[in-house]
Each structure stands twice: as C-alpha cells, then as structure tokens.
Amino acid sequence: MQVNIEIDDGQEDVAVTIKCGERSAYVDRLVAAIYMVDRQITVTRSGYALPLDLEKVLYVESVDGRCFVYTQEEVYETGSRLYELEQQLGQYLFVRANKASIVNLKKIESIRTYVNRRLLLKMENGEQLIASRQYAENIKGLLGISKH
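Residues numbered from 1 in each chain as written. Predicted model: local features only at pLDDT ≥ 70, side-chain atom pairs only at ≥ 80, totals over all residues. Heavy atoms only, no water.

## Notes on a nonpolar patch on the surface
Together, Met1, Val3, Ile5, Ile7 and Tyr26 make up a nonpolar patch on the protein surface, roughly 670 Å² of accessible area in all. Tracing the chain through its elements places Tyr26 in helix H1 (residues 25-36). Relative accessible area serves as the criterion here: at 40%, Tyr26 is assigned to the partly exposed category. (Patch = residues over 30% accessible without salt bridge, like charges linked within 9 Å, V, L, I, M, F, W, Y side chains within 5 Å. Areas by Shrake-Rupley, 256 points an atom, 1.4 Å probe, with all protein chains shown as cover. Salt bridge = Lys/Arg side-chain N within 4 Å of Asp/Glu carboxyl O. Helix = DSSP H or I, 4+ residues; strand = E, 2+ residues; numbered from the N terminus. Buried < 20%, exposed > 50% of the residue type's maximum accessible area, 1.4 Å probe, protein only.)

## A closer look at the pattern of salt bridges
Following the criterion strictly, the structure yields six salt bridges and no others. Here Lys122 and Glu109 are joined by a salt bridge, their closest N and O atoms 3.5 Å apart. Of this pair, Lys122 sits in strand S9 (residues 118-123) while Glu109 sits in strand S8 (residues 108-114), placing them 13 residues apart in sequence. Residue Lys122 is classed as partly exposed on the basis of its relative accessible area of 31%. Between Glu137 and Lys140 there is a salt bridge, with its nearest N and O atoms 3.4 Å apart. Of the two residues, Glu137 and Lys140 both sit in helix H3 (residues 133-142), three residues apart, roughly one turn of that helix. Residue Glu137 is classed as partly exposed on the basis of its relative accessible area of 40%.

So this is what it looks like as structure tokens:
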C-alpha cells in the first residue's frame, strides 16, 4: 500500500481518495478505519455521561437488558440497546459476535476455531469471547480469513 499526502492551501476540509484495482474486504476495512477517527459514543460511569472514542472500544455486551461498553481499562454503561449499537457502529468495523455482544474487529488480538464451527476471539485486553456459528463466517470474511 502506498500513502500520499497532498497539501493544498485552498482545500477547506480533508478529502481521502482510495485508488485500487478492485473493491475488497481490505479496502472496506480501510474505509471503516478512516471513518472511525474522531467518532464517539455517549456512555455513563458513576452517574455521569461521558463521550468515549470508538477507537478505545473493544466490545459491547448486553447483560440482563443493560449494555456495557468495554475498553482496555474500563467498563461503561450505555442507554442504547445492542441492536441499536449494532446499526450505529456497523460502518466502523463493529460486528455482531453472538446474541449478546458486538466486537470491534480492530481490537481482536487472535482468533481460534472453536467447538461446532464457532470462533474464540481473544481481545486486546486478554478477554475471550465466543463468536457463534451464525456470525463466525461473517467475521472471518471481514477479516479476510479463508474458509480452509
């Protein structure tokens, strides 16, 4: 991959152009990573609402009807439902891993096949999540992992 930066004094906003032979999962991941910069969600901790950069989010988990947002060091709560977050964050490399969690694909440290065609996802903080069969193929495809 080649990266070129052009400085144009007349340019008011940053514009990104990606030139490629064909659109691929790799190109889609690049686009999602660019869009993720400076994006935030609102979370709560100790009764206070806080903005949280999406780049810090490892995964989101629904427990007993409440959604929790996990980062490397902290756990926050959000008032959104899991399906709402899935819709909002889908364009930023967040995907459903199972019925109770959404993972940030950029924060997966390693992937291992698991029982019954599931995947064991090891996150950057060392925690492990299981991706169900229903979502495993999508995760592998988005990460460019072959089916063999």
